[in-house]
Each structure stands twice: as C-alpha cells, then as structure tokens.
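A closer look at the structure
If you want the building blocks of each chain, they are given just below.
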Amino acid sequence: MASYIARRLLQLIPTVLFILIVVFALVRLLPGDPASAILGDRAVDADVERINRELGLDRPLVVQFGVFVKSVATGDLGDSIHLKLPVTTLIADRLPVTIMLTVMAALIAVVMAVPLAFVAALRRGTAADSTVRGAFQVGLSMPVFYLGLILLTVFGAKLRWFPVGGYGEGFVDNLYHLFLPAVTLAFSLSAILMRNLRSAIIGVIDAEYVQFARSKGLAPKLVLFRHVLRNALISTVALFGLSIGTLLSGAVITETVFAIPGAGRLMVDSIYGRDYPVVQGLTIALAVLVSVTFLLTDLVQVWLDPRVSR
Amino acid sequence: MTDLAPPSERPRRLALPRPLILGGTILLLSIAVATFPTVFAPYEPDAFDYNALLQGPSMAHPMGTDNFGRDVLSRVIHAYTIDMQIAIFATIFPFFFGTIIGALVGYAGGIAETLFGRVVDAVITFPFLVLVIAIVSVLGPGLVNMYIAIGVVGWVFYARITAAEIKVQKRLDYADAGRAMGYTHMRIIFRHLLPNAITPAVVYWMTDMALAILLGSSLGYLGLGAQPPAAEWGVQIADGKNFMATAWWISVFPGVAIVLTGLGFSLTGDGLAELLRTKR
Amino acid sequence: MKIVAAAALSVTALLGGLSAVSAQERGGVMTYGRYTDSLFLDPVLNDANVDIWVMTNFYETLIMSSPDGMTLKPGLATEWSVNEAGDEVTLKLREGVKFSDGTPMTTEDVIWSLNRAKNPDNGIWNFILASVDTVTAPDAGTIVIKLKYPDPTILAALSVFNTAIMPKAAFEAMPGETDAEKAQEFGKHPIGTGPFVLTSWDRGSSMKMTRNEYYWAKGADGKPLPYLDGLNFEVIPDDATRILKLQSGDIDGAEFIPFARVGELKADPNIKMELFPGTRVWDIIMNVRPEINGKPNPLADEKVRQAMNYAANKEALVQVVTYGVGTPLTSFMASSTPMHSGDKPLFPYDLEKAKALMAESGYPDGFKISILTIAGNQDDLGITTALQQMWKAIGIDLEIRQVDNASRTEQYRAGTFEMRTGGWTNDISDPSQITSYFAYSPTIDALHSGWKNAEVDKLFEESQKEMDPVKRAEQFARIQEIFNATGPTIPLYETPYPVALSQKVNGFYQIPLGNNIFTETWLDQ
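From a predicted model like this one, the values you see are computed outputs, not experimental measurements.

For the rest of this paragraph, the subject is the overall build of chain B. When its secondary structure is counted, chain B shows eleven helices and zero strands. Seen in sequence order, chain B has helices and strands lined up from the N terminus as α-α-α-α-α-α-α-α-α-α-α. Principal axes of the C-alpha set define a box for chain B whose edges measure 75 × 55 × 40 Å. Each of the 280 residues in chain B was classed as buried or not, and the buried ones make up 54%.

Now the structure itself:
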C-alpha cells in the first residue's frame, strides 16, 4: 500500500510539470502584461517598461521559467503582483474556501441523491421512478450560473433566508454563507450520482446472492442495506474523484455569481490581471489538490472494496 | 419494501425507447426554430423600443422586454440559431479528431499510450473552464475562438473513450484475422476496429452537445462567447442579472430554453444508448 | 490669509447644510460597504483608485482639496505663499501634529516624504512633483520648496495623495532592502497623521479602523476629531448584496450604487441617496490614424467623426445606461474640474445633420468598425449596444469586441484598436492632468488616438508655466474648444458618485476626485 501511494505521488511530478509549462506559456501568450493590467488607461510607456523590469519580465522566457522552478523548489511561490502578498498566503486564504465549497457540495449531492435513488430503484417503472429520472435530466441541463442566480434571487434577495453572497466570518457563518452556492454546485453532481446509484441498487437487487439471501429468509431490508449501501458508497466515492475537475470548474462560476473569495475566482481574476505568480502558484495548488483527491478516492475505494486493488 | 421488481430491466421489444422519442422531438423542434427563427419570432431580435423598457410579460410581449425595450421572446428564438450552432461546432471537431487519435493510441499502445495518459492526467487535473477561459483570452473573445478553445481541450475525452474501446476490440478474433490476412494497420483500425468501437463515443457526443450548450452559455455569461448584439441565452441571462429583482423575465426565459434544449440532447443520448445496447 | 478663511467658511457652510437641526454626536462605529478591497496602502507606490480613494483616512497632505474640489484648504500646512517668479513655495507647518504612533511630525518627515514622492524611480505618480528641485526647512516650522521652473499646479500638487506626509523613522525601520520592500511592509499597517488608524485588515473582505487619538483637527464641539470611534470597511462586490445589507441595517453606507437602483433608493425613506459630484467622464475613444494595420481608417475623416457624434443620442444613453443620473458632457473634462469651459451639451443629437455629414465624407455608404469593451462590464455593454443601433442609421456597422482589461490596454497602447470605451477620473484639482492625457500629444498620443493639434500642444505647454490664473483659464478654454470640436472622442456624459447612506449617517462626503472623507462623519445615536 505504501509503495502504491509513493508511486502515485511520484507520478504527480511529471503531470504538474507538464501543466506548469502549459500554463506558464499560456499566460505569457496573453496579450498585455501585468503593467498594462495595473495601469489601465493611465499606462505610459515608461511606467510600463519600468514595472515590467522591476518584475523581471524583460528577461527571456526560459530564464523566467528557470527562476520560477528554482524558487518553487525552495518552497517560495513569489508575491502577487496586484495584492502585494506572498502567493502562499493567498493560497492558504482562498483554497480552503473552495475546498469547503466543493466538499459541502459533494455532501449535499449525496444527501439529495441517495434517498431519490432508492425510491427510483425500488419503485422501478412507476411514476415516482419517472419523476426522479426526469429530475435527473433537468439537473444535468441546468447551467450553474443560471441556477445560482435564481436561488440567490429567491432565497437570498426575496425571502432573505440566506445571505446574498460573501463568505462571512467564523465557521458556522461560513457554512451558512456557502449553503446556497453548495446547493447550486451540488445539483448536477447529484443528478449523475442518482443515476449511478439507481443502476447500482438495481444491480444489487437483481444479483443472485441477494436473491439467495432472500430465499434463505434474511430480512430484505438488512440485505439491501448491507449490500446496497456499500456499493452506493463505492460508486459515490469513485464519482467524486472523477468529478473533481468539473466541480472546480463549477466552483469558478459559483464563486463569481455568489461573490465568494475562493481559489476559482482568484484564478480567473489573476488570469485577467496577468498576475503570473498567482496563476502559477494556484496551478500547482489545484493540481496537487486534484491529484490528492484522486489518490484519496482510490484509497477509499480499495478500503471499501478490496477487489478494486491493483 | 418487500415487493421487489422483477429481475430484468431490459426492454424486450425493439421499439424506439421513450427517451429517444421525447428527446428527438425536442431536438427536431429546436432545429426548426434555429433554422427559421424569423418565422417564429414576432419582432426583430435587436430592435430597440424606448417606449417599452423593462415591461413584464403581456400579450404584445409574451416574455416581456429588456432594458433596451427589446422583445425577450424574439431574442430567445433567435438565440436558438447560435446556441444550436455552439452545440454542433464545439463538439464535432473534438469528436472527429478525438476518435481518430484515440483509435491510433489505443491500437498502438506502449509509449504512445503512456504519453497520452499523461496528457489526460494534465487535462483532468486542471479545471476545464479555467483552461478554456485562458485560451479564449489569448485568442480574443468570439464564437470561433471559443470553438477552438473547447476543441483544444475537448478532444481528450473522445480520445480516451475510443482508446479504451479499441483496446477491447483489438483483442477480439476478427482483429487477429485482419492481421493474418496482411491488412495494413490503418485499414484494420479504420475499416474494422473503429466502426465497432465508436458507439460509446457517439453516445458521449450527444451528452457533450448538451454540455457544450452549458459551456457556451457560461462563456457568453462571462462575456467571452457570443458577442452582442447577437442574442445568445448566456448573454441574455447576463444582460438581465442586474434586473433579477425587478424584471426577472429577462434572465429566466433564456434559462428555460437552455434547460429544454439540454434535455433534448441528453434524452436523445440516453435513448440512443438504450437502443444500441438492445441491438447488440 | 484670505484663502484660508474662505475655505474654512465653505466647510462650515457645507456641514451646516447637512446637519442644520441636530448637533454632531460623538461615538459609534460606522460600517461602510465597498465594492472591492484596497490593494496597497502606500501613497507613493500605489496605482489604483481603490487605494487612493480611502488613503486620506490614514495619510494627509500639506494642502487639502475643498469638498467641492474647486479650491484648496489648509492641511498639515496652515498657510502658504508662492514667490513673485513662481518658482518657490513657502509653507508654514501646523503646530503639534502627531503621527498615529504618537511621534511628532517634523520638517525632516516632510522633506523625506516629498523627496520620496518626486523620485522618478518611485511609482507612477512622481510626475505630479516633476517641477520640484529641492525641499528645505529653514526652521522647525517652515518648508521651502524650490522649483526648477514656475509651476502653476504646484499648490494643487501638494494636495494630491502621493505627496502625503509619512513618518520617516517608522518607514525606514521596516524590514526589507529597497524602498519597495519597506513600503510593502509599511502599507500593511500604515502610520500617518490621518483621522483613523488601521487595526486589522482581512484581505478581500474587511478593514477595521479606530480613531487616531492624536488627530490634530477639532470638531464643532471644540474636541478633537474624528467624531466616530471606529470605521469598518466591508468588501461586498455584488451590488445587490451591498444594497440589501444597507437596507437591513448590517452596514451604514454603500458605495457605487448601480445607476439602475438610484431612483428606487431615492424613494426609500430609510436611505439617504447621495450623488456627490465627480470628475468621472465617459466617452468613446477613436483611433484617428490614417491607417490601422495597413488598412485605410474611416475614423481619420473628421466629417465621419462628427457624423458619429451627431448620430449618438447622448440623452437617450443617459436614460438607458445611467437611468437619468448622468448629464451629457459640455466639454471633454467634467464640469467640476477647475477651468472647465462650455455650457451646452456637445454634438446634440441630430440625425439629419449626421446623415448629411456622412454623405459629404469619404465614406457615404458607411463602413464596418469595431469597438473594444471590457468583458462583463454592464455599463460598457449598454453604451455600445445602444451605439450599435444608433449608428446603424448612418450606415455604420459596429462590431462589439469584449476583452479583458489587460488585452484592451495592450491594443490601446499599440495603437491597433479602432474604437474603445473610455472612462476617466481626475487625480488632481487641476485641468492639466486630464488635458495632458486627452489632448497633449507628447504624453500618450492623445489617448493613444494618434490625434495631434499643434496649437493645443503649444497652448498646453504655455499653460504649464502660466502663473496668471486668468490667462491660464483662457488657454484651457481654447484647448477645450479645439478638442471638443475636432478631437478623437465621442463625449458621452459625466456621472456623480452614487453613495447610499443610512439616515443616521451625517457629514460624510466624497470629493470630486473620489476621496472618501470620514473625518467629520457622525452617527445619530
């Protein structure tokens, strides 16, 4: 097991390096530079040149990349050009917000999907099943920004049950602020989850060993619970691993709509602001986050079902 | 919960699956509206009417008017042309190139497969939307650049699906037969393996078109997709977001159109999958 | 001194007007909702309005701008005089001024601060003190500034944020090698002579301040200002949320109210909807070079530009985009800019005249042209969508291209853009800054438009040495006349700063340059 984890972490290095090169090249291909972004209409050539020189952006790209890799190796991600703060501080500030948002979304998705999937699977072919499956299709077709806007208007602005965006202060307040955004983000995930669970449950019900257990007179509920729940968990965990990229993309939009100071929003703002150190630092952070998620979901799957082990 | 359903779910008849009928109907209607918007739209989509700003739904304007007095219904209808285009153009190139690359990689295996695996890792490790936003920012906003940006990243998913399927097909007898008969690799891949391996990619294509509408409208919402005055659902929703409290109709109706069209694609995809599964 | 008395009077008059009935009450903490957070609180090295507009709460200048932005009033200097030749300024420092850490402000701090501000290696604002040669202190209460050449803007310059007085010893005690590194540390906990002290700063979400116990100015009750015990800035980027929080009483004020909501908030009995006169002007900037990217450019044709101007219905734009809050421009500079001239809207809507001008131009059949706007900016989008319709009438097909700010600036500086939306706010109470960017070609080619007028360039250079205010006003009047008639812009409208306050807030104002002044703000208890 330990060697498996070690191998997985080693695999991460070329992946991160590859993404870094792509992102590094990409942000420098963008028209405009940090100075243009900072100065806007006031930009005078002399100021633009001076600022770029101060930031070391007048040096060849290869040199810039070398400097960057060297500083990363020493644990230094540089300072944000706009916010004048260490990138590590920014990541420590913003990434937890995004993690909390996605984890909440995943939990909410499970809470929404599990009961519905059971209903649909056990009442296969009935109106209840059709309704749930219809809801699934709608959930898949619902754009995140649209759902967010509607939830925000109805439950935030009109009914005032929830805050209209922001992040709040303190853990409980954070949970309260992130509830609507998390529901928004959870919607499409729960739809996919529901479909997978429904077929998983049907598969278990139809499986021979369950039929056998029933024939032996074991309480059906207990049988269902044992087998179905484990299977449900496995597919949920696997799905969460697969969906993390989609979730993070959704988080970018959700954070924009709900004005949440998270990593997704910071990434887009930094691309717009040509804040190279932040874009680079966040890229590493996100790559590590996603890879660790993959690893964790794999491990949990192995733990839940030893047959998955490679 | 004792009355468990009968064990088999597989439809026994070879009739068209219900989702396919429903989804197909929605899609056909959408295509009709997209092709002949002027037949359906009561007004010009970008005609201003300063005497009818921000009016709620009425007989004259069934979906109300926006802050320039433009008829929301007419804009939603004209947006079909653009959004259906997005669904097709944002997916057809990734589909085409993705399946070809996937077929080659799956057939070749070895180092090509390992390298491809790294690319897949990188793409799924980085939020898709952020990558597309960055590429659109490099190329400049607009639909064509948006297609390019989506295509640059999107082919990976088709390639991954096809590569996996080709690997399965490769091991089957008929592939060996082809090799024994001295066919070229290309002929084996494209004449024999790919036709049998393409089904999952086609099914994914349907789902992907629904996703493309979501992505296209998201970029429109952020100002990076379709450019004004083009009526596009995401752009329309963005136009109306400051009026959600006072003039909800500007944003709400275009959103309904997105959900409906997405529904058409994903139902069709589901139905198609069911149909192909039964056929096999 | 005469100036001093007049300025003092106007402040009293303004405050009197705001609080005619009740007397100022002390205490309380005010929470103000901002649309975004500050970035860098160093007067010299910052480069954004989000910093400039709140920095007066921490740092102060020798001279200050009056609330209406038209005159100057005493700040850390109580009086000043300029010599006959116009190349030497003598200022008397206010006695007993202390920094918020309790150390007294000395002439050494003043000399160091001004030298730092004028250093060409420091930041983008040093041009404001470009005329300064040396700063000396003949005695402990006097500062003498010697100029390289007579500079009519020097007094206004001494009221600009970058000339704020900072404590030399505290700054130099900061860790770091360079001035920039020290400033980065210092900016996290600014120490200045301003009315408030920053106690905590949660980036991107809030700033908490308490009153500066050592503040020098006295309130109407004879006790030291500020009236408030504390001041909080809460960052609430979403407009609707900011307004909701004000309405629910979570915050006491909200800046940047969207124009669409101004009317509704004016009608709200619990809200004071303030529209502080600003120097914010909105226009369309055209590239007037004969060729762009090797192709002939229709915008180089003056008749075309005039036709586009007449076909742009500014009244309609004011209604549709600003919901009646803005007013059509009467010159390229806002009417609250000193020496602004012009009393009627430029190019009033006249479609027939526009069509006639197009017919006479080199492009009677119209043409296709693009405009750059900032992606996601609703004001930009509103303006350009409306212009697209308006210009259709004279055969111009306008393509809107939404880009991010850095891309737009890049194309702008490279001179490869065709048209773009523009917005400008003055940083100094003088017409020279806006004129140098808009009309004087050596600065940035007149907004990078490639427009050049020899008479304007000559007049501007003269105005920068002209010490007689009447003659200087005449020079600026002529510059405005030429630019307004033939310049590279479509002047649209000017807008005030829309700020919504709770009814219990008194004595808050924003000067036309944008600075938020909380010094004499107080809350009904």
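Broken down by element type, chain C carries 17 helices and 23 strands. Over its C-alpha atoms chain C spans a radius of gyration of 24 Å, differing by no more than 12% from the 24 Å that the globule rule assigns to 525 residues. With the C-alpha coordinates aligned to their principal axes, the bounding extent of chain C is approximately 70 × 55 × 45 Å. Every one of the 525 residues in chain C was classed for burial, and the buried ones make up 53%.

Residues and elements named next belong to chain C. Ala446, Leu447 and His448 are the residues of helix H15 (residues 441-448) that are buried. Elements in contact with the buried residues of H15: strand E12 (271-286), helix H13 (405-414), strand E18 (419-424) and helix H14 (432-438). Gly450, located one to two residues past H15, shows a positive phi value of around 85°.

Let us now look at the interface of chain B and chain A. At the interface, 37 residues of chain B touch 40 residues of chain A. Examining the composition of the side of chain B that touches chain A, we find that eight residues originate from one element, helix H11 (residues 249-279) of chain B, more than from any other. Taken together, the residues of the side of chain B that touches chain A break down into 24 nonpolar, nine polar and four charged.

Turning our eyes to something else, we now look at the confidence of the model for chain B. Residue and element names in this part refer to chain B. Of all residues in chain B, 94% attain a pLDDT of 70 or more, and the chain-wide mean is 85. Confidence, read as mean pLDDT per element, is least for helix H7 (residues 173-180) in chain B (76) and greatest for helix H3 (residues 72-108) (94). Considering only residues more than four positions removed or in separate chains, one finds that residues 1-9, a stretch of pLDDT under 50, has ten contacts.

As a further point, take the sheet that holds strand E5 (residues 88-93) of chain C. All names here are of chain C. Sheet architecture is open: four strands sit in the order E4-E5-E7-E6, paired in antiparallel fashion. One side of each edge strand has no neighbouring strand; the edge strands of this open sheet are strand E4 (77-82) and strand E6 (132-136). Within the sheet, the average angular offset between the axes of one strand and its neighbour, ignoring direction, is 20°. As paired elements, E4 and E5 share five bridges and run antiparallel to each other. Looking across to E5, one finds that Ala77 is bridged to Leu93. Against the sheet, helix H3 (residues 107-118) touches E5, E6 and strand E7 (142-147), its axis set at about 165° to E6.

Glancing now at the nonpolar core. Residue and element names in this part refer to chain A. Counting residues in each nonpolar core, the largest one holds 335 residues, and the members touching the most others are Ala113 and Ala117. Element by element, the count of residues in this core is highest for helix H5 (residues 87-122), at 18 residues. Not counting residues up to four positions away in its chain, the partners in contact with Ala117 are Met194, Leu197, Arg198 and Ile201.

The subject of this paragraph is the interface of chain B and chain C. Between chain B and chain C, the residue contacts involve 15 residues of the former and 19 residues of the latter. Looking at side-chain class alone, the side of chain B that touches chain C contains nine nonpolar, six polar and no charged residues.

As a further point, take the domain arrangement of chain C. All names here are of chain C. When cut into domains, chain C gives domain 1 (183-275 + 499-523) and domain 2 (278-496). For domain 1 and domain 2, the distance between their C-alpha centroids amounts to 33 Å. Each side of the interface is counted separately: domain 1 has eight residues, and domain 2 has eleven residues. Looking at which element gives the most residues to the side of domain 1 that touches domain 2, the answer is helix H8 (residues 259-266), with four residues. Classifying every residue of the side of domain 1 that touches domain 2 gives six nonpolar, two polar and no charged.

Turning next to unusual backbone geometry. Note the cis peptide between Leu225(C) and Pro226(C), where omega equals -5°. You can see Pro226(C) is positioned in the loop between strand E9 (206-211) and strand E10 (230-235). Of note in this structure, Lys84(A) is not a glycine but carries a positive phi near 55°. Residue placement: Lys84(A) occurs in the loop between helix H4 (61-73) and H5. What makes Lys84(A) buried here is the crowd of 20 C-beta atoms within 10 Å. Within the chain, Asp445(C) stands out as a residue other than glycine whose phi angle is a positive 55°. Tracing the sequence through the fold places Asp445(C) in helix H15. Looking at Asp445(C), the number of C-beta atoms within 10 Å reads 18, which means it is partly exposed.

Residue and element names in this part refer to chain C. The set of residues buried in helix H16 (residues 454-463) consists of Val456, Leu459, Phe460 and Ser463. For H16, the angular spread of buried residues about the axis comes to 100°, placing them on one side. Residues Ala454 and Glu462 are exposed on H16 and point more than 90 degrees away from its buried face. Tucked inside the fold, the buried residues of H16 contact H14 and helix H17 (469-486).

This brings us to the environment of Trp391(C). Residue and element names in this part refer to chain C. As for its placement among the helices and strands, Trp391 is situated in helix H12 (residues 378-392). In sequence terms Trp391 and Asn309 are 82 residues apart; their C-alpha atoms lie 9.5 Å from each other. When near neighbours in sequence (up to four residues on either side) are disregarded, Trp391 contacts Met308, Ala311, Ile396 and Leu398.

Let us now look at the pairing of E7(C). Residue and element names in this part refer to chain C. Burial along E7 is one-sided: Ile143, Ile145 and Leu147 are buried, while Thr142, Val144 and Lys146, pointing the other way, are not. In this sheet, E7 lies alongside E5 in antiparallel orientation, the contact comprising five bridges. By the bridge assignment for E7, Val89 is matched with Ile145.

Our focus in this paragraph is the packing of helix H11 (residues 263-273) of chain A against helix H12 (residues 276-304) of chain A. All names here are of chain A. One can describe the packing of H11 onto H12 by two numbers: an axis separation of 8 Å at closest approach and a directional angle of 145°. Here H11 runs over H12; the crossing is left-handed. Of the residues in H12, those touching H11 at Ala263, Leu266, Met267, Ser270 and Ile271 are Val278, Val279 and Leu282. Here the residues of the contact of H11 with H12 are counted per class, giving seven nonpolar, one polar and no charged.

Moving on, we get to the environment of Gly220(B). All names here are of chain B. Tracing the backbone shows Gly220 in helix H9 (residues 199-221). By the C-beta count within 10 Å, which is 30 here, Gly220 ends up buried. Placed 74 residues apart in sequence, Gly220 and Met146 show a C-alpha to C-alpha distance of 9.8 Å. Beyond its immediate stretch of four places on either side in the chain, Gly220 contacts Gly225, Ala226, Glu232, Gly234 and Val235.

Next up on the list: the environment of Val204(A). Residue and element names in this part refer to chain A. Within the secondary structure, Val204 is located in helix H8 (residues 171-206). By C-beta crowding, Val204 is classed as buried, having 20 other C-beta atoms within 10 Å. Taking the C-alpha atoms as reference points, Val204 and Ala251, 47 residues apart in sequence, are found 34 Å from one another.

Let's shift gears to the packing of helix H9 (residues 302-311) of chain C against helix H11 (residues 351-360) of chain C. All names here are of chain C. At a closest axis distance of 8 Å, the pairing of H9 and H11 adopts a crossing angle of 160°. With respect to H11, the element H9 is oriented roughly antiparallel. Crossing of H9 over H11 shows left-handed handedness. Seen from H9, the contacting residues are Lys303, Val304, Gln306, Ala307, Tyr310 and Ala311; seen from H11, they are Leu351, Lys353, Ala354, Leu357, Met358 and Glu360.

Now for the confidence of the model for chain C. All names here are of chain C. Here chain C shows a mean pLDDT of 90. Residues at 70 or above account for 96%. The model gives residues 1-21 a pLDDT under 50, and that stretch makes 20 contacts with residues more than four places away or in other chains. For this predicted complex, the interface confidence score (ipTM) comes to 0.85, while the overall pTM stands at 0.83.

Conventions we followed
Residues numbered from 1 in each chain as written. Chains lettered and ligands numbered in written order. Predicted model: local features only at pLDDT ≥ 70, side-chain atom pairs only at ≥ 80, totals over all residues. Helix = DSSP H or I, 4+ residues; strand = E, 2+ residues; numbered from the N terminus. Buried ≥ 20, exposed ≤ 12 C-beta atoms within 10 Å, placed from the backbone. Rg over C-alpha atoms; globule rule 2.2 N^0.38 Å. Contact = placed C-beta atoms within 7 Å. Nonpolar A, V, L, I, M, F, W, Y, C, P; charged D, E, K, R; others polar. pLDDT = per-residue confidence, 0-100. Pairing = 2+ DSSP bridges. Axes fitted to C-alpha atoms, helices over the stretch in contact; angles between N-to-C directions. Core = buried A, V, L, I, M, F, W, Y, C linked by C-beta atoms within 7 Å. Domains from an automatic or database assignment. Arc of directions from axis to C-beta. Left-handed = near helix turned anticlockwise from the far one by under 90°. Parallel < 35°, antiparallel > 145°, perpendicular 65-115°, else oblique.

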